[in-house]
Amino acid sequence: MTDILKPESEAALAEVIATAETPLRITGVGTRGTTSGLTGQQLSTSGMSGVTLYEPGALTLVARAGTSVAEIEALLAEKKQRLAFEPMDHRGLMGTTGEPTIGGIVAANVSGPRRVAVGACRDHLLGVRFVDGRGKVIKNGGRVMKNVTGYDLVKLMAGSFGTLGVLTEVSLKVLPEVEARAVLLINGLSVADAVAAMSRALGSPYEVSGAAHTPSGLDGHPVTMLRVEGFAESVAYRAKALQKLLAELGESQIEDDPARTKAGWNWVRNVEAFHGSQGDVWRVSCKPSDAPRLAEEAGGEALLDWGGGLLWVQLPEGTDLRARLSSYDGHATLVRASAKTRDALSVFEPQNEILTRMAQGLRDRFDPKQIFNTGLMG
Amino acid sequence: MQMPQPNQDVLGRKSRIVALLAEALPEGAVIHDENETRAYECDALTAYKCPPMCVALPTCTEEVAAVLRICSENNVPVVPRGAGTSLAGGALPTADCVILGVARMNEVLETDYDNRFIRVQTGRTNLSVSGAVEENGFFYAPDPSSQLACAIAGNIAMNSGGAHCLKYGVTTNNLLGVKLVTMEGEIVEIGGAHMDAAGLDLLGLICGSEGQLGVVTEATLRILHKPEGARPVLIGFDSNEVAGACVSDIIQAGILPVAIEFMDRPCIRAVEKFAKAGYPDCEALLIVEVEGSDAEIDHQLGLIKDIASAHNPVEFRESGSAEESAAIWLGRKSAFGAMGQINDYMCLDGTIPVSELPLVLGRIRELSQGYGLEVANVFHAGDGNMHPLILFNANKDGDLEKCEALGADILRLCVEVGGCLTGEHGVGVEKRDLMTSQYTADDLEAQLLVKDVFDPKWLLNAAKVFPLEVTQSRRSA
């Protein structure tokens, strides 16, 4: 049972699944630790690797699920392109090693700060191939930007955490790299004022591509960060325009050093504030205007991304964050915790009866033997 | 095109079903007179018509739930309908169905500028969603050509796109939440004002499911602040290949135009005759629109001009005023009307990888000559979403069939080069029988399994999307 199953082709994977009789724990290489507490034999997609198609002129890339994100990003960089949804790297937060795979990114619908401007991973996912629990190879979507042919199983597979099928290939929309980047920094805002500032910026015509706030930045003081990207002249213009728009909320500086701005947003993206620390880490998806109240109710340390629509919270081990939050539009996911805490509190927020029944119905059909990441999503 | 045999048992119970619906709905909300139901006999795919058994026009979610509960309990097929503007026959009735129309549900329920969303009843038209937030400088991005008439319900069912999707995405990228009524009449919220729905992405699954998984009565939509300004350029080329290469270069240069529209010579000529937009008589024409402040627009148009110049355009016309911008868009916007003036036409919607544009345009020309039917091309080039318009004469015996056969060949070509049958119109009945050219039996079965979960009795719009023989056993179970 300790051997990792690592099929090297889609056909071999289909054979493994068709003949499996006991639970499988699906991973890329496990950098997110999502399935680490589950029972079952580990089945890794890392044996299926390689970019199968890259057309810079059509902004499309197709890769086998086990391809490392690093390999894809290096290939894209050669043509001055990028994965615009800016996937988070979980290794620092989770204390894991290995090279994150694109299949893992898609299975967990991992997105970064640019989510507010360009959408999530699922919005950049054009097509998938996967093996379902009956051992059937299924494709859905394709490699074109617009596709409404049949049901959108592409979206369904993104963020299904391996519970409906094992991804073998994904097709992604990529975008050109930007010429310049600037960050507007405002010091000393309360969480409520920071959310107000971020809302005003995101509701402006200046195409803000990142809006984050930390109540205790590197020097211990609150910092609000707003990012604009694009052609150099346009970036300079929009950064100044934002500065003017937000002048009454506080003084701001414009930082446009490429290395510093990149490091700053990696800090936000990878939730570096909670690296190497003790305690559980939660991720709360909410309406931005609810974020100040939720941060207050949560207690503990918080980091706001997506203009307040995403709240990262660090709490003492075993604390039930969900019980602390009064009613809101959204949900909380337990990202970093011991296996014991995950068992007790559940990784994903329980849903109402009808949604639970729908999700269970889908899992029953796509995974009739109930072998994929059993117990992870309900 | 075949439709299933109407269920005689259901038709025999018509008066009872009508009475049950009338009891559950306000006065005047049930239409069953044969002269009046005819108003619902088709959508914008007018080649096919079939009056429904009756029509229910509820005014709120609870009434929608009541209608669906009655139909579910009595095994009556239901065809949901937004504004009836589907080009794919998505709202085409069957003779034994209840048309469930949401047209009377068009209220704005909530606008929230701080959190950038609007919540509406789904009978509201696309353009009037933008209209509701316009005075505060906001808009709703997806803009199908039918936006004046089409309803959000249909936009969600078909995952509609539009000319500006290149930058802003299609419906699914701008949809935050829905209130869904299941075929059994249960009401459930999926997603909401927050950015990521919890659990499996059921929201993404519902969007584009062509009204087969449930009826969406309310939608939470992302709204954006309008750009400071926008300006188009018109670029003419003497070959499709060169125009295609120019599109690819613009995209790769890091410019993100809001729209790149492409018209070929047959289309340009028809449009010019009809709208007199002053277009050059050339082989291919691009309209590229960029957004931002004046200085930003100047900069982007400067880059586009450099790129285009390398391809020796026969014309590069930059707009210098609002009137000139309107003139540039005039021809494109009247393209469909212009075609309608000269002929009957069928509008296709296949999508291809942008790199295959020259090849596909060449092959379409050959096919068009082979069939002896003219094809004009007007489409969203930036994302490869083609709209070949096949011209035919509906009054000429066999012409419609010939046109459909040519259409099918063109769509199979789109699939063959790595594209798909439909980019933004949906499958409906129109492309139903071509699904096997894009998907294997296993691929289709996976989709049918999804419908089994949401509509186990296969009552909801069941004759659409999938070939009838593929769904036969489920529909008759």
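Residues numbered from 1 in each chain as written. Chains lettered and ligands numbered in written order. Predicted model: local features only at pLDDT ≥ 70, side-chain atom pairs only at ≥ 80, totals over all residues. Heavy atoms only, no water.

## Thoughts on the pattern of salt bridges
Then comes step 1: Overall, the coordinates contain 49 salt bridges over all chains when judged by the stated rule.
Then comes step 2: The shortest N-O distance in the salt bridge between Arg-91 of chain A and Asp-89 of chain A comes to 2.7 Å.
Then comes step 3: Looking at Asp-89 of chain A, the relative accessible area reads 18%, which means it is buried.
Then comes step 4: When the shortest N-O distance is used, the salt bridge between Asp-294 of chain B and Arg-231 of chain B registers 3.5 Å. Residue Asp-294 of chain B is found in helix α11 (residues 294–309), and its partner Arg-231 of chain B is found in strand β12 (residues 230–237); the two are separated by 63 residues along the sequence. (Salt bridge = Lys/Arg side-chain N within 4 Å of Asp/Glu carboxyl O. Buried < 20%, exposed > 50% of the residue type's maximum accessible area, 1.4 Å probe, protein only. Helix = DSSP H or I, 4+ residues; strand = E, 2+ residues; numbered from the N terminus.)

## Focus on the side chain of Arg-114 of chain A
Then comes step 1: Along the polypeptide, Arg-114 of chain A turns up in the loop between α4 (102–107) and α5 (115–118).
Then comes step 2: For Arg-114 of chain A, a relative accessible area of 8% translates into the label buried.

## Details of the UniProt feature "domain: FAD-binding PCMH-type" (unreviewed entry) in chain B
Then comes step 1: Following the UniProt record, the feature "domain: FAD-binding PCMH-type" (unreviewed entry) maps to residues 48–226 of chain B here.
Then comes step 2: Across residues 48–226 of chain B one finds 21% helix and 25% strand; the C-alpha atoms that close the span lie 39 Å apart. (UniProt positions renumbered as here; feature names shortened; annotations may be inferred.)

## A look at the packing of aromatic side chains
Then comes step 1: Evaluation of the coordinates by the stated rule reveals 8 aromatic pairs over all chains.
Then comes step 2: Ring geometry for Phe-262 of chain B against Phe-379 of chain B: centres 4.8 Å apart, planes inclined by 15°, an arrangement best described as stacked. You can see Phe-262 of chain B sitting in strand β13 (residues 259–264) and its partner Phe-379 of chain B sitting in strand β17 (residues 375–380), a full 117 residues away along the chain.
Then comes step 3: The buried category is assigned to Phe-379 of chain B, whose relative accessible area is 0%.
Then comes step 4: The residue whose ring lies beneath Arg-115 of chain A is Trp-306 of chain A, and the NZ or CZ to ring-centre distance is 5.4 Å.
Then comes step 5: One residue, Lys-451 of chain B, lies across the ring of Trp-458 of chain B, its end atom 5.1 Å from the ring centre. (Phe/Tyr/Trp six-rings, centres within 6.5 Å; stacked < 30°, edge-to-face > 60°. Lys NZ or Arg CZ within 6 Å of the ring centre and 35° of its normal.)

## Looking at helix α9 (residues 240–252) of chain B
Note: α-helices contain 3.6 residues per turn, so residues at a spacing of three or four share the same orientation.
Then comes step 1: Taking 1.5 Å of rise per residue, 13 residues should cover 18 Å, and α9 of chain B covers 19 Å from first to last C-alpha, within 8% of that figure.
Then comes step 2: Taken together, the buried positions of α9 of chain B are occupied by Asn-240, Ala-243, Gly-244, Cys-246, Val-247, Ser-248, Ile-250 and Ile-251 of chain B.
Then comes step 3: Packing partners of the buried residues in α9 of chain B comprise β9 (175–176) of chain A together with β12, β13, β14 (284–291), α11 and α14 (357–371) of chain B.
Then comes step 4: By the N-cap criterion, in which a side-chain oxygen at the helix start approaches the backbone nitrogen of a residue two or three places on, α9 of chain B is capped by Ser-239 of chain B, the distance to Glu-241 of chain B being 3.4 Å.
Then comes step 5: Looking at the residues trailing α9 of chain B, positive phi occurs at Gly-254 of chain B, about 90°. (Expected span 1.5 Å × (residues − 1). Contact = heavy atoms within 4.5 Å. Polar contact = N/O pair within 3.5 Å; in protein donor to acceptor, adjacent residues only side chain to side chain.)

## With respect to the pairing of strand β4 (residues 60–64) of chain A
Residue and element names in this part refer to chain A.
Then comes step 1: The element β4 is largely enclosed, with a buried count of 4 among its 5 residues.
Then comes step 2: Between strand β3 (residues 51–55) and β4, which pair antiparallel one after the other, the connecting turn spans 4 residues, and Leu-59 there sits at a positive phi close to 55°.
Then comes step 3: Pairing of β4 with strand β8 (residues 165–173) involves 5 bridges; the strand directions are antiparallel. Across the sheet, the residue bridging to Thr-60 is Lys-173, located in β8. (Pairing = 2+ DSSP bridges.)

## Points about the nonpolar core
Then comes step 1: One finds Trp-312 and Leu-362 of chain A together with Leu-286 and Phe-454 of chain B to be the most contacted residues of the largest nonpolar core, which totals 192 residues.
Then comes step 2: The greatest single-element share of this core, amounting to 8 residues, is contributed by helix α15 (residues 399–416) of chain B.
Then comes step 3: Excluding residues within four positions of it along the chain, Leu-362 of chain A makes contact with Leu-156 and Leu-164 of chain A together with Leu-200, Leu-202, Leu-205, Val-450, Val-453 and Phe-454 of chain B.
Then comes step 4: Leu-21, Ala-29, Met-53 and Cys-54 of chain B belong to the second-largest nonpolar core, a separate cluster that totals 29 residues. (Core = buried A, V, L, I, M, F, W, Y, C linked by side-chain atoms within 4.5 Å.)

## A closer look at unusual backbone geometry
Then comes step 1: Here Gln-370 of chain A, not a glycine, exhibits a phi torsion of approximately 50°, which is positive.
Then comes step 2: Of note, Gln-370 of chain A is situated in the segment after α13 (353–366).
Then comes step 3: Judged by relative accessible area, Gln-370 of chain A falls into the partly exposed class, the value being 47%.
Then comes step 4: Although it is not a glycine, Glu-210 of chain B sits at a positive phi angle of roughly 55°.
Then comes step 5: If you trace the backbone, Glu-210 of chain B turns up in the loop between α8 (202–206) and β10 (215–222).

## A short note on the sheet that holds strand β9 (residues 187–191) of chain B
Then comes step 1: Strand order in the open sheet made by the 5 strands is β5-β6-β10-β8-β9 (chain B), with antiparallel pairing throughout. Each edge of the sheet is formed by a strand with only one pairing partner; in this case those strands are β5 (108–112) and β9 of chain B. The mean angle between the axes of side-by-side strands here comes to 10°, regardless of whether they run parallel or antiparallel.
Then comes step 2: When strand β8 (residues 175–181) of chain B meets β10 of chain B, the two strands line up antiparallel, connected through 6 bridges. Each residue of the ladder has a partner; that of Leu-180 of chain B, found in β10 of chain B, is Val-216 of chain B.
Then comes step 3: Of the strands in this sheet, β8 and β9 of chain B are in contact with α13 of chain A, which crosses β9 of chain B at around 75°. (Axes fitted to C-alpha atoms, helices over the stretch in contact; angles between N-to-C directions.)

## Notes on the layout of surface pockets
Residues and elements named next belong to chain B.
Then comes step 1: Quantified by volume, the second largest pocket comes out at close to 890 Å³.
Then comes step 2: Lining of the second largest pocket is provided by 30 residues; of these, Asp-143, Gln-147, Ala-163, His-164 and Lys-333 occupy positions nearest its centre.
Then comes step 3: At the level of elements, α5 (126–133), β7 (138–139), β14, α12 (322–333) and α13 (335–342) are the ones that each hand at least two residues to the lining of the second largest pocket.
Then comes step 4: It is α12 that contributes the most residues to the lining of the second largest pocket, 5 residues altogether. (1 Å grid on protein atoms, 1.4 Å probe; cavity = no way out; pocket = protein on both sides within 12 Å on 5 of 7 lines; lining within 4 Å. Points joined across faces, edges and corners; volume = space filled by probe spheres on them.)

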